[in-house]
Amino acid sequence: DAGITQSPRHKVTETGTPVTLRCHQTENHRYMYWYRQDPGHGLRLIHYSYGVKDTDKGEVSDGYSVSRSKTEDFLLTLESATSSQTSVYFCAIRRDSIYEQYFGPGTRLTVT
Amino acid sequence: GENVEQHPSTLSVQEGDSAVIKCTYSDSASNYFPWYKQELGKRPQLIIDIRSNVGEKKDQRIAVTLNKTAKHFSLHITETQPEDSAVYFCAASTPGNMLTFGGGTRLMVKP
């Protein structure tokens, strides 16, 4: 499982509240990604990181921010959660110098 | 940006038959094409991939083919088994390794 954990695994929150999801890796990989998965849309890239403090936007970044202050942790923040952000969120890592991405176990987020 | 379309969205086969899932992509610069299998409630698992300098790759009962000219690639599963039942996703990656995924195919293998 490439040493990836995500927390929390499940969360229910109310519209308008801030939410932070954490992705943690144990193997010091440079590249980390956040995706969301919704029925009929496959997985869509939200943000990614290519090193400590180096991040960039993906396809569906509106309403999300990220931070990476340590190699092992990549945080995804919903500043003010909306019902449209109800989804399953997956973190992924990519080992340096290769193409393959490996996914964490996912976080199911429900915004009521 | 890249756009990946995947067909069919659902596929039902009899155990022992072959299954084929097809994807097309739009960006001719894409150079890496992975396939993921996702069981219910689990994470996507990489099952096979192909790079743009290769036309075909096999791993036991699974094979992937790539036609760069037509910008399409396919997953072939032979001798299907009930444990192959899952959702399969194709993806395409540009040289910056930004993966764009297809919408997924739900494969059901009937015993």
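Look up: the structure comes first, before these words.
Residues numbered from 1 in each chain as written. Chains lettered and ligands numbered in written order. Predicted model: local features only at pLDDT ≥ 70, side-chain atom pairs only at ≥ 80, totals over all residues. Heavy atoms only, no water.

Enquirer: Tell me about the state of the cysteines, and name the residues and values.
Expert: Counting across every chain of the model gives two disulfides over all chains. Linked covalently through their sulfurs, C23(A) and C91(A) form a disulfide whose S-S length is 1.8 Å. Disulfide C23(A)-C91(A): torsion about the S-S bond near -65°, hence left-handed. Placement of C23(A) in strand β3 (residues 19-25) and of C91(A) in strand β9 (residues 87-94) is noted, with a sequence separation of 68 residues between them. C91(A) carries the same exposure label as C23(A), and that label is buried. The disulfide that involves C23(B) links it to C90(B), with 1.9 Å between the sulfurs. (Disulfide = S-S within 2.5 Å. Helix = DSSP H or I, 4+ residues; strand = E, 2+ residues; numbered from the N terminus. Buried < 20%, exposed > 50% of the residue type's maximum accessible area, 1.4 Å probe, protein only.)

Enquirer: Would you mind going over unusual backbone geometry in detail, with residue names and values included?
Expert: Here S7(A) and P8(A) are connected by a cis peptide whose omega angle stands at -10°. Tracing the sequence through the fold places P8(A) in the loop between β1 (4-7) and β2 (10-13). Following H7(B), the chain continues into P8(B) via a peptide bond in cis, with omega recorded as -5°. Relative to the assigned elements, P8(B) resides in the loop between β1 (4-7) and β2 (10-14). One non-glycine residue, Q60(B), lies in the positive phi region at around 60°. Inspection of the secondary structure puts Q60(B) in the loop between β6 (56-59) and β7 (62-67). On the accessibility criterion, Q60(B) (79% relative accessible area) is exposed. Located in the positive-phi region is E79(B), a residue other than glycine, with phi close to 45°. Using a relative accessible area of 53% as the deciding quantity, one classes E79(B) as exposed.

Enquirer: Account for the interface of chain B and chain A, with residues named and values stated.
Expert: Contacts between chain B and chain A engage 18 residues on the former and 21 residues on the latter. With both sides pooled, the region where chain B packs onto chain A buries about 1,700 Å², and carbon together with sulfur makes up 54% of that total. Residues R51(B) and E100(A) are paired through a salt bridge, measuring 3.7 Å at the closest nitrogen-oxygen approach. There are three residue pairs in polar contact (both at pLDDT 80 or more) connecting chain B and chain A. Residue assignment for the side of chain B that touches chain A shows that the elements contributing at least two residues are β4 (32-38), β5 (45-51) and β10 (99-101) of chain B. Here the side of chain B that touches chain A gets four residues from one element, more than from any other, and that element is β5(B). (Contact = heavy atoms within 4.5 Å. Buried area = accessible area lost by both parts, 1.4 Å probe. Salt bridge = Lys/Arg side-chain N within 4 Å of Asp/Glu carboxyl O. Polar contact = N/O pair within 3.5 Å; in protein donor to acceptor, adjacent residues only side chain to side chain.)

Enquirer: Lay out the layout of surface pockets with the relevant residues and their values.
Expert: Considered as a void within the structure, the largest pocket measures approximately 680 Å³ in volume. Lining the largest pocket are 31 residues, and of these Q37(A), Q38(B), L40(B), G41(B) and R106(B) lie nearest its centre. What the second largest pocket holds in volume is close to 330 Å³. Along the wall of the second largest pocket there are 16 residues; nearest its centre are E59(A), E2(B), N3(B), T100(B) and F101(B). Among the secondary structure elements, those contributing two or more residues to the lining of the second largest pocket are β5 (42-51) of chain A together with β10 of chain B. Among the residues forming the lining of the second largest pocket, the class breakdown is six nonpolar, seven polar and three charged. (1 Å grid on protein atoms, 1.4 Å probe; cavity = no way out; pocket = protein on both sides within 12 Å on 5 of 7 lines; lining within 4 Å. Points joined across faces, edges and corners; volume = space filled by probe spheres on them. Nonpolar A, V, L, I, M, F, W, Y, C, P; charged D, E, K, R; others polar.)

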